[in-house]
Amino acid sequence: MKKIAAFVLALALAAGALSTPAVSIGARAAGKKLVALTFDDGPGPYTSRLLDGLKARGVKVTFFMLGSSAANYSGLVSRAYQEGHQIANHSYDHSELTGLSDSQVRSQIKRTNALLDKACGKGSTYLVRAPYGSSNARVRAAIGAPLVFWTVDTLDWMYRNAQTVKNNILRDTFDGSIVLVHDIHSTTVDGALSAIDVLKGRGYEFVTVRELFRRRGRNMANCVEYESSKPNGVDLGPVKALSITAEPADGKLRVTIKAQSGAGIYYSTDGSSLNRESKRYSGPFLVKTPCTLRAVAAFDMNGSRSDTVEKKLSMPVAQAPEIRIDEGVLTLTGKTAGAQIHYTLDGSAASMESPIYAGPVELQPGAVVSACAGGKGMLSSGESRAVYSGRGNFFRDVFPNHWFYESVDRAVSAGYLYGVGNGRFCPGDDVTRGQLAALLYRYSGETVFEQDLEAMPFEDVERGKYYAAAVAWAYSRGIVSGVDEKSFQPERGVTRQEMSRILCRYLEVSGFSWDGPGEELPAYADAEEIAPWAESAVKRASELGLMMGDDKGNFLPKESSARSQAAAVLMRLSDLLSGGSSDPSEM
Ligand code: NI
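Please read all numbers here as calculations on a predicted model, not as lab measurements.

Analysis parameters
- Residue indices begin from 1 for each chain and proceed along its sequence in written order.
- Given that the model is predicted, a residue must reach a pLDDT of at least 70 before its local features are reported, and side-chain atom pairs must reach 80 or more before they are shown or counted; all residues, however, enter totals for whole chains, interfaces and linings.
- Computation of side-chain values covers all heavy atoms of the structure but excludes hydrogens and water.
- Between N-to-C directions, angles span 0 to 180 degrees; the directions come from axes that are lines fitted to C-alpha atoms, helices contributing only their stretch in contact.
- Helix numbering and strand numbering both begin at the N terminus, where a helix is a DSSP run of H or I of at least 4 residues and a strand a DSSP run of E of at least 2.
- Here roughly perpendicular refers to angles of 65 to 115 degrees, roughly parallel to angles under 35, roughly antiparallel to angles over 145, and oblique to all remaining angles.
- Contacts are assigned to residue pairs that have any heavy atoms within 4.5 Å of one another.
- Only Asp, Glu, Lys and Arg are considered charged, only Ala, Val, Leu, Ile, Met, Phe, Trp, Tyr, Cys and Pro nonpolar, and every remaining residue, Gly among them, polar.
- Summary of the burial criterion: residues with accessible area below 20% of their type's maximum are buried, those above 50% are exposed, and those between are partly exposed, where the area comes from a 1.4 Å probe applied to protein chains only.

### Examining the packing of helix 2 (residues 47-57) against helix 9 (residues 186-201)
With their axes 10 Å apart at the nearest point, helix 2 and helix 9 run at an angle of 10° to one another. Relative to helix 9, the element helix 2 lies roughly parallel. When helix 2 is examined against helix 9, the residues Arg49, Leu50, Gly53, Leu54 and Arg57 are found in contact with a partner set consisting of Ser186, Val189, Asp190, Leu193, Ile196, Asp197 and Lys200. Taken together, the residues that form the contact of helix 2 with helix 9 break down as five nonpolar, two polar and five charged.

This is the structure in structure tokens:
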């Protein structure tokens, strides 16, 4: 506010608001008495002193800033935002918006928003106050945001007297009012701060404009004018502080943040300040220590958020020990200096109460090893697990509770399938067409001849690859065919219908005699997806129990097969060919 013309308008508005008998002291509705102080036309040379005073009093206010001033005092925009005040838009250069074209109005708002975004983060929402309170339907539409007027006009810009500013605030403030002052006057800073002290004594809580409406359950709509938010029996209460918990996980910390229902959580892990562009929490996450974690709960990051919670996570986390099993001897290697290793051999999760590892341990077949590390001044590690199988295999990713454990153990022991090294089997990885050929080749125990390699027509099977001999053998025996005359696509995942046909061919060439099903199986729900060339093989593989559908009755003919499934299928095939023996010890 700067002009006398606007003064008259302001008086009219204020008088209108005050004539409604809103706030008798006796009729206090549920919740606290709320008031929103709004500071216009800054930031300026006195804003810093005002922020100090507000901070000392734990009071949050709203700043309707001019873009031109925000450009000159960008540090103060950031400070006001970081200290929890609401940042709002008062046009770029205090033009009377009713005298501007629509595009000029939009430009005044957009230019200012862009400057405020530097502190508040891109995409923040800004309430707007039109200079001189001068607006109309056309201006409201061009602004496209909620417009905020006031119910208490202190006329601070005219009186320039701290005592008068204080008295005017005290005289006119009521529960739900919006108070207009200007932080570009030193006298206003003094008057407003003294008024705050008195109003606090009268039971007022100071909130941002956004909070004044949210607390009373009211939405603020774009292009609508607001001048107060009187008591309505609703008080949703302040945004509650959030809680941060952290627990060790694999040499890191898993952080969980909880906030009240409906509030979003924004956080940073590098100690940086938070705004709307900060990371949004969607669930527990891992951090390395040391780190400084900051988080806020927010209904709106600009004007409706909790205080920032900062947590320094400095205690180091021990790294989980490395498990090695060679020839049945267990070796555990620590990765964190000063940490002690604890372990169990019965499958239960190791903890700091478990026996301490003092040196290599001879294992019984079937032992499931669990180990962790920890010690004084550090958080204990997550768990490392491995199994020393009944057949003497060392697995880190295949355990007795997996349905494919027995098959994988058999297949690896027999040398049909290999691990990928260091105890890993990667049971979920796809099996390629080349791998399936290699697997059957090893299983057959047969030998490929030089002329078979020469006769193989596939140009995409390089002779030096591990599967070249296997593909040549399988092709010569009629077990596999190409996808066309010249290509085999050895590196492509084998589909389930391809696998069933290859397995049936293998059974045929092995002289397996089969009398047909005792009982016809029901058709698969996705039978129409099975290619005509695979129909009889899928049927036969199903009837023999080699390959089965999922629990919804689908065969999934075009899905690829995992290594775990290939191991299981190969062992069933082996049982069929060896006369139905399912005793794994005979492998
Ligand atoms: Ni103004």
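Right, picking up where we left off after that structure.
### Regarding unusual backbone geometry
Of note, the bond from glycine 42 into proline 43 is cis; its omega dihedral lies within 30 degrees of zero at 0°. Mapped onto the secondary structure, proline 43 falls in the loop between strand 1 (33-40) and helix 2. Each neighbour pair has its own omega, and for threonine 289 with proline 290 the value is -5°, a cis peptide bond. In this structure, proline 290 sits in the loop between strand 13 (285-287) and strand 14 (291-300). Phi is positive for glutamate 327, close to 55°, though the residue is something other than glycine. Along the chain, glutamate 327 turns up in the loop between strand 17 (322-326) and strand 18 (329-333). For glutamate 327, a relative accessible area of 82% corresponds to the exposed category.

### Some thoughts on the packing of helix 15 (residues 496-509) against helix 16 (residues 535-543)
Packing of helix 15 against helix 16 brings their axes to within 8 Å, and their N-to-C directions diverge by 75°. Classified by the angle between their axes, helix 15 and helix 16 sit roughly perpendicular to one another. Between helix 15 and helix 16, the contacting residues are Gln497, Ser500, Arg501, Cys504 and Glu508 on the first element and Ala537, Val538, Arg540 and Ala541 on the second. Taken together, the residues of the contact of helix 15 with helix 16 break down into four nonpolar, two polar and three charged.

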